[in-house]
Amino acid sequence: MDKIVSRTKYDRRQHKAFYLFHMFHRNYSTYFVIALAIFVLVWAIINASQLTDPNQIMISWTMAAFTIMIVPVMILTKINGVVKQETTKRKDSTDTIEVTKAKLQRSTDISEGKLVFGWHQIEVICETKEYIYIYTGQNQGIFIVKKDIIEGGVELFRKLAKNNMKPNRKGKVKYKTYFKEAKV
């Protein structure tokens, strides 16, 4: 039977990597804030070239600098807050993820019960060099650390995902890779 099993001890850095990926690949509000910062910068440049009062020029550049500095602070603060909350709950836990032709199942040793997802519930799978991010909604998902797969392998996971996920209107499944594999 085709089966993948991954067992991962909770690691704060892995969750930060997941949320950073999410912020820049699945969350469009980040791009809105970056676009706003660029707009304010352009506005400051235009004002500096048209205004003659040094106080007004200073105000526009101060607003631009503040807006540009707040973007990374806002992103990192949001990520660190979520990770800190998760760390207190899952400090010494181990997640086990089992993937079969019928379902994906996540269990943890600190709580009873399992999360079970059918392939039809998977919205998109994003694969990076180190992780496989499995999204069940716009802001919900789980991830598999590739090096922690103890049964099966990444190739088998890809095969199961591409054969069992629900295709979109064009007949393709949403399985995205964000790296180039080294050619042998």
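Up top is the structure these notes are about.
What counts, and where the lines are drawn
- Residues numbered from 1 in each chain as written.
- Predicted model: local features only at pLDDT ≥ 70, side-chain atom pairs only at ≥ 80, totals over all residues.
- Heavy atoms only, no water.
- Phe/Tyr/Trp six-rings, centres within 6.5 Å; stacked < 30°, edge-to-face > 60°.
- Helix = DSSP H or I, 4+ residues; strand = E, 2+ residues; numbered from the N terminus.
- Buried < 20%, exposed > 50% of the residue type's maximum accessible area, 1.4 Å probe, protein only.
- Pairing = 2+ DSSP bridges.
- Axes fitted to C-alpha atoms, helices over the stretch in contact; angles between N-to-C directions.
- Contact = heavy atoms within 4.5 Å.
- Polar contact = N/O pair within 3.5 Å; in protein donor to acceptor, adjacent residues only side chain to side chain.

Trainee: With reference to specific residues and values, describe the packing of aromatic side chains.
Mentor: For the structure on display, the rule yields 11 aromatic pairs. Centroid distance F18 to Y135: 5.9 Å. Interplanar angle 25 degrees. Geometry classified as stacked. One end of the pair, F18, is in helix α1 (residues 12-25); the other, Y135, is in strand β6 (residues 131-135), and 117 residues separate them in sequence. Across the pair, exposure class does not vary: F18 and Y135 are buried alike.

Trainee: If you had to explain the pairing of strand β2 (residues 94-100) to someone new, which residues and values would you point to?
Mentor: Burial of β2 is extensive: 6 of the 7 residues sit out of reach of the surface. For strand β1 (residues 3-9) and β2, the ladder comprises 7 bridges, and the chain directions are antiparallel. The residue of β2 that forms the bridge with K9 is T94. The pairing of β2 with strand β3 (residues 103-108) spans 5 bridges and is antiparallel. In the strand pairing of β3, V99 is matched with L104. Linking β2 back to β3 in an antiparallel pair, the connection comprises 2 residues.

Trainee: Tell me about the sheet that holds strand β4 (residues 114-118), and please be specific about residues and values.
Mentor: Strand order in the open sheet formed by 5 strands is β4-β3-β2-β1-β8, with antiparallel pairing between adjacent strands. Strand pairing shows two members of the sheet lacking a second neighbour, β4 and β8 (149-151), which therefore form its edges. Averaged over all adjacent pairs, the angle separating strand axes in this sheet is 20 degrees, with direction ignored. Where β1 and β8 come together, 2 bridges link them in antiparallel fashion. When the bridges of β8 are listed, V5 appears paired with E151.

Trainee: Hey, could you go over the sheet that holds strand β7 (residues 141-145) for me, with residue numbers and the actual values?
Mentor: Spatial ordering of the open sheet is given by β7-β6-β5-β9, a layout of 4 strands whose pairing is mixed. With partners counted over all chains shown, the strands left at the sheet margins are β7 and β9 (175-177), one partner each. With direction set aside, neighbouring strand axes in the sheet form an average angle of 15 degrees. Sheet analysis places strand β5 (residues 124-127) next to β9, joined by 3 bridges and oriented parallel. Of the residues in β9, the one forming a bridge with I125 is Y175. Contacts between α1 and the sheet are confined to β5, β6 and β7, with β6 contributing the most and set at about 60 degrees to the helix.

Trainee: Account for the pairing of β4, with residues named and values stated.
Mentor: On a regular strand, each side chain points to the face opposite its neighbour's, so the side chains alternate between the two faces of the sheet. Note: β3 against β4, 5 bridges, orientation antiparallel. For S107, the partnering residue across the bridge sits in β4 and is K114. In this antiparallel pair of consecutive strands, β3 and β4, the connection spans 5 residues, and G113 shows a positive phi of 90 degrees.

Trainee: Kindly report on the side chain of T87, identifying the contributing residues and their values.
Mentor: Mapped onto the secondary structure, T87 falls in helix α3 (residues 54-90). Here T87 falls in the buried class, since its relative accessible area comes to 15%. In terms of polar contacts, T87 uses its side chain to reach the side chain of Y10, at 3.0 Å.

Remember that the coordinates give geometry; whether it matters functionally is a separate question.
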